[in-house]
Amino acid sequence: MTDEDPLTGLDDVPWAQLQHSYGMADDVPGHLRAMQAGVWEGRFPPSAQLANHIVHQGTRSQAAVYTVPFLVRMALDPRLVNRHRFVRLLVDIGIGLDNNYLPNGYDPRDDRASLANLRGEADDWAQWIGEAPDDEQRKEREGSWAQALINAETVVRCYDAVREAVPALAVLLTSDSPELRSQTANLLAWFPESAATSIPLLKAFIADESSPGAAATGVVALGLLGEPATVPFIRRYLESPIVELRWASAFALTRFGTASPAVVDVLTQVIAQPPEKTETMPFLSGSYSGLAAMVLAETSEATTLRAVDAMLVSVADGTGVGGFYDRYYTAHTLFTLVFPGNPGEPQSFGDLSNVQQHVVRFLADQDEAAWPSGAVDALRRWKVPTRHSHLRVYAGFVQAGQ
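Residues numbered from 1 in each chain as written. Predicted model: local features only at pLDDT ≥ 70, side-chain atom pairs only at ≥ 80, totals over all residues. Heavy atoms only, no water.

Topic: the overall build of the chain
Put simply, the test is: To qualify as a helix, a DSSP run of H or I must reach at least 4 residues; to qualify as a strand, a run of E must reach at least 2; elements of each kind are numbered from the N terminus. Exposure categories follow from relative accessible area, calculated using a 1.4 Å probe and restricted to protein chains: below 20% of the type maximum is buried, above 50% is exposed, and the middle band is partly exposed. Here the Shrake-Rupley method, with its probe set to 1.4 Å, supplies the accessible areas, and only the displayed protein chains count as covering residues. When charges are counted, neither His nor the chain ends are considered; positive counts come from Lys and Arg and negative counts from Asp and Glu. In plain terms, the charge of a residue is placed at NZ if it is Lys, CZ if Arg, CG if Asp and CD if Glu.
Helix and strand counts for the chain stand at 19 helices and 2 strands. Judged by the C-alpha coordinates and their principal axes, the chain covers about 75 × 65 × 45 Å. Taken over 402 residues, the chain has a buried fraction of 49%. Carbon and sulfur atoms make up 50% of the accessible area of the chain, which amounts to about 18,600 Å² in all. Separation between the mean location of the 31 positive side-chain charges and that of the 48 negative ones in the chain comes to 4 Å.

Looking at the environment of M281
The residue M281 is located in the loop between α13 (261–272) and α14 (288–296) in this model. Residues M281 and A204, 77 residues apart in the sequence, show an inter-C-alpha distance of 18 Å.

Thoughts on empty space enclosed by the protein
Rules: Residues are called lining when one of their atoms sits within 4 Å of a cavity or pocket point, these points coming from a 1 Å grid over the protein atoms alone, where a cavity is a set in which a 1.4 Å probe fits but cannot get out and a pocket is an open set with protein on both sides within 12 Å along at least five of seven lines. Grid points are joined across faces, edges and corners, and a volume is the space filled by probe spheres set on the points. The classification used treats Ala, Val, Leu, Ile, Met, Phe, Trp, Tyr, Cys and Pro as nonpolar, Asp, Glu, Lys and Arg as charged, and all other residues, Gly among them, as polar.
Within the structure shown, the criterion is met by 1 cavity of 30 Å³ or more. Approximately 70 Å³ is the volume found for the largest cavity. Lining of the largest cavity is provided by M35, G38, W40, P45, P46, S47, V81, N82, R85 and F86. Contributions of two or more residues to the lining of the largest cavity are made by α2 (46–54) and α4 (83–95). Looking at the lining of the largest cavity residue by residue, the class counts come to 6 nonpolar, 3 polar and 1 charged.

Re the environment of A126
Along the chain, A126 falls in helix α6 (residues 122–130). Looking at A126, the relative accessible area reads 47%, which means it is partly exposed. Taking the C-alpha atoms as reference points, A126 and Q36, 90 residues apart in sequence, are found 45 Å from one another.

Some points on the packing of helix α3 (residues 64–75) against helix α7 (residues 135–169)
Defined as follows: All axes are obtained by fitting lines to C-alpha atoms, using only the stretch in contact for helices, and the reported angles, taken between N-to-C directions, cover 0 to 180 degrees. We call two directions roughly parallel when the angle between them is under 35 degrees, roughly antiparallel when it is over 145, roughly perpendicular when it lies between 65 and 115, and oblique otherwise. For any helix crossing, the convention is left-handed if the near helix is rotated counterclockwise from the far helix by under a right angle, and right-handed if that rotation is clockwise. Contact between two residues is taken to exist if any of their heavy atoms lie within 4.5 Å; hydrogens are not considered.
As a packed pair, α3 and α7 sit with axes 9 Å apart at the nearest point and diverge in direction by 15°. Relative to α7, α3 is oriented roughly parallel. Helix-helix and strand crossings are classified by hand; for α3 and α7 the assignment is right-handed. Facing α3, whose interface residues are A64, V65, Y66, V68, V72 and A75, α7 presents R157, C158, A161, V162, A165 and L169. Looking at the contact of α3 with α7 residue by residue, the classes come out as 11 nonpolar, no polar and 1 charged.

Concerning helix α1 (residues 28–37)
Here is the rule: To obtain the arc, one takes the directions from the helix axis to the C-beta atoms.
If you check which residues of α1 are buried, you get V28, P29, H31, L32 and M35. For α1, the angular spread of the buried residues around the axis is 160°, confining them to a single face. Turning to α1, the residues buried within the fold contact β1 (19–20), α2, α3 and α4. Note on α1: the residue one or two positions beyond its end, G38, has a positive phi of about 75°.

Digging into helix α10 (residues 212–225)
As a reminder, the rule being used: To estimate how far a helix should reach, multiply one less than its number of residues by 1.5 Å.
An ideal rise of 1.5 Å per residue puts 20 Å on 14 residues; α10 measures up with 20 Å between its terminal C-alpha atoms. Burial analysis of α10 places 13 of its 14 residues in the buried class, which makes it a mostly covered element. Positive backbone phi, approximately 75°, marks G226, located one or two places after α10.

Considering the packing of aromatic side chains
Convention followed: Here a pair means two rings of Phe, Tyr or Trp (six-membered ring of Trp) with centres within 6.5 Å. Their orientation is stacked below 30 degrees between planes, edge-to-face above 60, and tilted elsewhere.
Within the structure shown, the criterion is met by 14 aromatic pairs. Pairing W125 with W145 gives two aromatic rings, centres 5.1 Å apart and planes at 40°, and the pair type is tilted. Taken as a pair, W125 in helix α6 and W145 in helix α7 lie far apart in primary sequence, 20 residues in all. Its relative accessible area of 18% is what places W145 among the buried residues. Aromatic pair Y325 and Y329: ring centres 6.4 Å apart, planes at 20°, arrangement stacked.

A word on the side chain of S289
Under the convention used in this document: In protein, a polar contact requires one atom able to donate a hydrogen and another able to accept it; more generally it is a pair of N or O atoms within 3.5 Å, and residues adjacent in sequence count only if both atoms are side-chain atoms.
Checked against the element boundaries, S289 lands in helix α14. Reaching out from S289, the side chain makes a polar contact with the backbone oxygen of I271 at a distance of 3.1 Å. Not counting residues within four places of it along the chain, the set of residues in contact with S289 comprises V270, I271, P274, S314, D326 and T330.

Re unusual backbone geometry
The phi torsion of most residues other than glycine is negative, and most of the peptide bonds are trans. The step from L102 to P103 runs through a cis peptide bond, and the omega angle for that step is 5°. Notably, Q57 is not glycine yet its phi reads approximately 50°, a positive angle. One can find Q57 in the loop between α2 and α3. Positive phi is not limited to glycine here, since L284 has a value of about 50°. Among the structural elements, L284 can be located in the loop between α13 and α14.

Concerning the pattern of salt bridges
Applied cut-off: In what follows, salt bridge is the name for a side-chain nitrogen of Lys or Arg lying within 4 Å of a carboxyl oxygen of Asp or Glu.
Overall, the coordinates contain 16 salt bridges when judged by the stated rule. Here R88 and D92 are joined by a salt bridge, their closest N and O atoms 3.1 Å apart. Remark: D92 and R88 occur in helix α4; sequence separation between them is 4 residues, near one turn of the helix. Of the two residues, R88 and D92, both sit in the buried class. Its salt-bridge partner being R306, residue D265 comes within 2.4 Å of it at the nearest N-O pair. Taken as a pair, D265 in helix α13 and R306 in helix α15 (residues 305–317) lie far apart in primary sequence, 41 residues in all. Ionic contacts of the salt-bridge type, sharing partners, join the residues R112, D160, R163 and E193 into one network.

What follows is the structure, encoded as structure tokens:
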């Protein structure tokens, strides 16, 4: 790293002509300078404020791709603080919300195919525009076509811009900061086209890493990259004395179709008793339990009484900030699994499966204010009573009228 200012050339970008989620992007340089300075006013750091503008809720804006060179140089500048946040923002620019691609990983071919399909529909769009009944609607249709093309091109350009920087950013796996090392491993997880370079680096990183959360992130990254040749390396951590590594190994092995009793044992144990949340585990806001439940949901063991009981323990015990995320993500998986779809007709308690009855009894035995997110919607879909007093009657806890 030289002494050159990472933001050199910032004012040469035509920000006022580029779009972001709140209009034109002329405010982006201010956010980047605040990130470089490491100071901010208000509740959120400038990296979060910038993310809200250029990758709002995972939607990558036209301006996002132009920030990549500056973010890369800042991430590589050891003089700056909170560099893990710059790498995190590069993940968001590259793929959008990573939660949308868990637990299976990201395939850039999907977005490239969408862009190619859109370009292939140019004649159909032109005909639709030409059939507009007046000038006003023709202009609206022209704008719709132009914006659709910009959006599709932006997604691919953002991914490619970050992918090109992956080899340079990989050096951050040896940073002094465990948060930065972990976010770098997370970054490598989402670029399968760079797997030939990333996998050897991740293996060496995992073997030497002292932070359990960061090492686990590396193992998860190997699973998300999806290279079968990594399975023997991943499997060696399934019996690790470190719970985070056991969790990561079990997660990654399910990506390769392995749901052995040992893998299921680890996942159910972690759902019920997750490791302490830290800043070095970036997936699902640090929810070990939530990700374990998500990946267990894709196995044949997902709706066994044992697995459901583990999820119920998680949603019942979740406290504090870390517990909130465990509770939220695990509950979402639980109710999606146990009460799928819509049966159409009201269900008597006897019509429910044993596992469904088990969950209903759990809710009936809880204070209604403590019900986890998604419980009421799940019961409503299945025409099950959603008032606590009615649910207790329905489940046979009390007689009607008591």
